[in-house]
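# Observations on the three-dimensional arrangement
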Amino acid sequence: GFDLDGVSTVHIVPGCGEMDLDRALFSCEDSVSIELIDADINLDPGTVDTITVEVVSTSDPQGETVMLTESGPDTSEFFGNVDVQEGSGGTGHVGVAHGDTLTVTYQDGDCEGEPQVVEETATIDCVGPVISNVQVIEITDNSALVTWTTDEASDSVVTFGETTPPTSVISDDQMVMQHSVLLTDLLSCTSYRFSVGSSDPAGNETVDMAGGSYHSFLTWELVVFIDENMDTDPGWSYEGQW
């Protein structure tokens, strides 16, 4: 809508509460951000209101009561955070395990005239990608293509260099299962060591360093066999298509 001065404004009307979590996947050591929009709990337009929600998991059915705070007077937007940690639970955090469902529940007292439970869920993922089939292909005198496979969509990181441990890093944030990273500006006829790494959407990271010894490859050497200025006839003997 617009106010009398023609300035665009947003008005949240009474109705059912809407709740969102900042992600659909969380790791076993993570922070969960919760957003709730509900005009009915904006009790005092002149002050910042609060509301509580319940957060539980499969491993921790007792969970935690979390307070959400209005972003400002009369906004009807409430925000809060809760930590999750691996285990059965404890004060100040919700206990989780790999594969758990995290559930956030809000008791909406007036959803189109009737009470209703508003619920939002997420999945707990504590296991990093499984890396396999690490290869180096298309090696030249100054480049090499590093490829590998993961069992779930994840990003790509190659750490490489002439020394151990290597220190140069090239990464790609695209979430894929077939990974391909091109290394460029390499030195010719040089041995390189490298590791590959991938992190899934929950932030679980796996790094393959070939058991600690690092993967390796050798760049080609560009060797000049014949060098001659062809502006004038060098007097070579030739045949066929020459």
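The structure this text deals with has already been given above.
Attention in this report is confined to the structure presented alongside it. Worth saying up front: this structure is predicted, and the values here are computed from it rather than measured. (Residues numbered from 1 in each chain as written. Predicted model: local features only at pLDDT ≥ 70, side-chain atom pairs only at ≥ 80, totals over all residues. Heavy atoms only, no water.)

## Some thoughts on the pairing of strand β11 (residues 144–161)
Quick note on the threshold: Remark: exposure states derive from per-residue accessible area (1.4 Å probe, protein chains only) relative to the maximum for the residue type, with buried under 20%, exposed over 50%, and partly exposed in between. Secondary structure elements are taken from DSSP: a helix is a run of H or I of four residues or more, a strand is a run of E of two residues or more, and numbering for both begins at the N terminus. Strand pairing is assigned whenever DSSP identifies at least 2 bridges connecting the two strands.
With 14 of its 18 residues buried, β11 lies for the most part within the structure. Hairpin remark: strand β10 (residues 131–137) followed by β11, antiparallel, with 6 residues in the connecting loop; positive phi at glutamate 138, about 55 degrees. Note: β11 against strand β12 (residues 168–183), 12 bridges, orientation antiparallel. Looking across to β12, one finds that valine 158 is bridged to isoleucine 170. In this sheet, strand β13 (residues 191–199) lies alongside β11 in antiparallel orientation, the contact comprising 5 bridges. Its bridge partner lying in β13, valine 157 is registered against glycine 197.

## Examining the pairing of β10
A regular strand carries its side chains on alternate faces of the sheet. Sheet analysis places β10 next to β11, joined by 5 bridges and oriented antiparallel. By the bridge assignment for β11, serine 132 is matched with threonine 149.

## Focus on the nonpolar core
Filter applied, for reference: Put simply, buried Ala, Val, Leu, Ile, Met, Phe, Trp, Tyr and Cys residues joined by side-chain atoms within 4.5 Å make one nonpolar core. Note on contacts: a residue pair qualifies if any of its non-hydrogen atoms lie within 4.5 Å across the two residues.
One finds Ile34, Val53 and Val55 to be the most contacted residues of the largest nonpolar core, which totals 24 residues. Discounting residues that sit within four places of it in the chain, valine 55 has contacts with Ile34, Gly63, Glu64, Val66, Val82, Val94, Leu102, Thr103 and Val104. Among the nonpolar cores identified, the runner-up in size contains 14 residues, and Ala144, Val158, Leu186 and Tyr192 belong to it.

## Here we look at the environment of valine 146
Along the chain, the position of valine 146 falls in strand β11. Not counting residues within four places of it along the chain, the set of residues in contact with valine 146 comprises Gln135, Val158, His179, Ser180, Val181, Leu183, Phe194 and Val196.

## Here's the deal with the state of the cysteines
Short version of the rule: Here, a disulfide means two cysteine sulfur atoms that sit within 2.5 Å of each other.
One pass over the full model with this rule turns up 1 disulfide. The disulfide bridge from cysteine 28 ends at cysteine 126, spanning 1.7 Å between sulfur atoms. On the sign convention where negative means left-handed, the S-S torsion of about 70 degrees between cysteine 28 and cysteine 126 marks this disulfide as right-handed. Residue cysteine 28 is located in the loop between β2 (25–26) and β3 (29–37), and its partner cysteine 126 is located in the loop between β9 (114–124) and β10; the two are separated by 98 residues in the primary sequence.

## Quick word on the environment of valine 223
With respect to the element layout, valine 223 can be found in the segment after β15 (215–218). Distance from valine 223 to threonine 69, taken between C-alpha atoms, is 69 Å for residues 154 residues apart in sequence.

## Focus: unusual backbone geometry
In this structure, the amide linkage connecting threonine 164 to the following residue, proline 165, adopts the cis form with an omega of 0 degrees. Here proline 165 lies in the loop between β11 and β12. Here the phi dihedral of serine 76 falls at roughly 65 degrees; this positive angle occurs in a residue that is not glycine. Along the chain, the position of serine 76 falls in the loop between β5 (64–70) and β6 (77–86). Here serine 76 falls in the buried class, since its relative accessible area comes to 4%.

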